[in-house]
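# Reading the structure
Now for the letters of each chain:
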Amino acid sequence: MDNRNGAPPELLPTQHAPSARFRLLIGIALASLLLGGCASPGEPHERKPVVPAAVTDLAAGQSGNDVVLTFTLPKGTEDRRPLERPAAVEIYRDFEALPGATEPNPSSPANPTLLVTIPAAMEDRYAEQGRIRYADALRAEDFAKHPDSILVYSVRTRASEKKSSSSSNVAEVRVYPAAVEIRDLKAEVTRSAVVLTWSAPQTTLTGSKPSLAGYRIYRADADSRTAVASSPAVSTPASTEGSGKLKSPLARIGESDGGSTMFQDQQFEFGKTYVYSVRSVAQYPGEMLESSDSNLITVAPRNTFPPAAPQGLVVVLVPTQGDTPAHLELSWAISPEADVAGYNVYRSEQDGILGTRQNTEMLPTPAFRDINVLPGHRYFYRVTALDRSGNESSPGEAVSGGVPAESQPTP
């Protein structure tokens, strides 16, 4: 009914006034809508960005013409909650003038320069023994544009687009141009050593002549399946990808001082497979800087070196004694080589001819009894040595002997 005087109309018999409880529920719903904004139901809303804890163990060091950074990724947030998903990594690098004195606590620049971002999905490529390892490859222009500078690095991680972690500790390093890597490393296997040779590098990354103090030699045990068995004088190249099949990491086994570009590895074993690398060492003020690895070579030494011929062969006639007929006893000097396993005896009736082998099995000792001799015949004997790899030496000097005929006097 229309009420023109503005007074509240009287309720019809079929209408009911809202209860107090109903009005309270309506109020709560309106308040929630106002506080929640205009987001549609079910739409995700990040009230507070996830911020990883700061990296605290960043370290930097020069290796060749790279600066190698290592650090551990955070596993929690800055408010000490577990980090539910991997965070991307942001690496910052800046050049600073070399100070007069080293600052005990270097500080990060106010506006550090982003060098590279490593997405979370790619971090496995840089993981090494539980830490991230990233190599910053320096260029010649880095040294040209920033002479007498130090490099300052810091790291941040990011789990949200809205906010990254705080900066890590600062890692600084004074860098120098290293000599270019050796590219012509070769190896030759001898009886007593693997002999490495190479050419001295003539320039650094910037084109200047390096002040070489010497070389450092590195070796690793490799899987024999990564290289074909090489002859004593042959080595095969090994790629850096193949180095992933090493049984052990490259370890320094020696040094070559001064201008020598040769090294003898006498601590090798036949039957094993090795990978070798050589790094030059340049002298800088207060620092010895290694180059990057040379070309890697794989060497699988095989023992194809026969032992020396036996010496001191003596042939002695033993006359008939009872039922034992006359025969010849042979003896010779023990071979001084450690890997000699035994000996063979050869006999001929003509001087200058090796003849046939008399022993059916290898003789473990330097002695032999020849009972298959005929009276009145003269025989020429020669002895060879065999090593554990089956290599047989050249025959020693021939020595003759024989059993006289019954009509001949015994000598």
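Predicted, not measured: the structure shown is a model, and the values here were computed from it. (Residues numbered from 1 in each chain as written. Predicted model: local features only at pLDDT ≥ 70, side-chain atom pairs only at ≥ 80, totals over all residues. Heavy atoms only, no water.)

Turning our attention to the overall build of the chain. The number of helices and strands found in the chain is 2 helices and 24 strands. Total accessible area computed for the chain in this model is approximately 24700 Å², and 52% of it derives from carbon and sulfur atoms. (Helix = DSSP H or I, 4+ residues; strand = E, 2+ residues; numbered from the N terminus. Areas by Shrake-Rupley, 256 points an atom, 1.4 Å probe, with all protein chains shown as cover.)

Successive residues of a regular strand alternate their side chains across the two faces of the sheet. As paired elements, strand 1 (residues 59-63) and strand 2 (residues 66-71) share 5 bridges and run antiparallel to each other. Residue pairing in the sheet places Ala-60 in a bridge with Leu-69 of strand 2. From the end of strand 1 to the start of strand 2, which pair antiparallel, there are 2 residues, and Gly-64 there has a positive phi angle of about 65°. (Pairing = 2+ DSSP bridges.)

Next up on the list: the confidence of the model for the chain. Summary statistics for the chain give a mean pLDDT of 86 and a share of 80% for residues scoring 70 or more. Within the model, the stretch residues 1-15 combines pLDDT values under 50 with 2 contacts to residues more than four positions away or in other chains. Predicted confidence is poor over residues 239-244, with pLDDT under 50, and the contacts of this stretch with residues over four places away or in other chains come to 3 contacts. (pLDDT = per-residue confidence, 0-100. Contact = heavy atoms within 4.5 Å.)

What follows covers the pairing of strand 20 (residues 340-348). Among the 9 residues of strand 20, 8 are classified as buried, and the element is accordingly described as predominantly covered. Summarising the sheet, strand 20 and strand 23 (residues 377-387) pair through 8 bridges and their orientation is antiparallel. Considered in strand 23, the bridge of Tyr-343 is made with Ala-385. By the bridge criterion, 2 bridges tie strand 20 to strand 21 (residues 356-357) in an arrangement that is antiparallel. Bridged to Arg-347 within strand 21 is Thr-356. (Buried < 20%, exposed > 50% of the residue type's maximum accessible area, 1.4 Å probe, protein only.)

Relative to the helices and strands, Leu-296 is located in strand 17 (residues 296-299). Along the primary structure Leu-296 and Leu-185 are separated by 111 residues, whereas in three dimensions their C-alpha atoms are 7.6 Å apart.

Applying the stated criterion across every chain yields a total of 8 aromatic pairs. Ring centres of Tyr-176 and Tyr-284 lie 4.5 Å apart, and the angle between their planes is 20°; on these two criteria the pair is classed as stacked. One end of the pair, Tyr-176, is in the loop between strand 8 (171-174) and strand 9 (186-189); the other, Tyr-284, is in strand 15 (residues 274-284), and 108 residues separate them in sequence. Overall, Tyr-284 belongs to the buried group, its relative accessible area being 16%. Taking 5.5 Å as the distance between ring centres and 75° as the angle between the ring planes, the aromatic pair formed by Trp-332 and Tyr-343 counts as edge-to-face. Linking Trp-332 in the loop between strand 19 (327-331) and strand 20 with Tyr-343 in strand 20, this pair joins segments that are 11 residues apart in sequence. The class for Tyr-343 is buried, based on a relative accessible area of 3%. Just above the ring of Tyr-92 sits the side chain of Arg-156; from NZ or CZ to the centre is 4.9 Å. Over the face of the ring belonging to Tyr-218 we find Arg-279, whose NZ or CZ atom lies 3.8 Å from the ring centre. (Phe/Tyr/Trp six-rings, centres within 6.5 Å; stacked < 30°, edge-to-face > 60°. Lys NZ or Arg CZ within 6 Å of the ring centre and 35° of its normal.)

What follows concerns the side chain of Ser-294. Its location among the elements puts Ser-294 in the loop between strand 16 (287-290) and strand 17. Since its relative accessible area comes to 5%, Ser-294 is described here as buried. In this view, Ser-294 contacts Ile-182, Leu-185, Ser-277 and Val-278; residues no more than four positions away in its chain are not counted.

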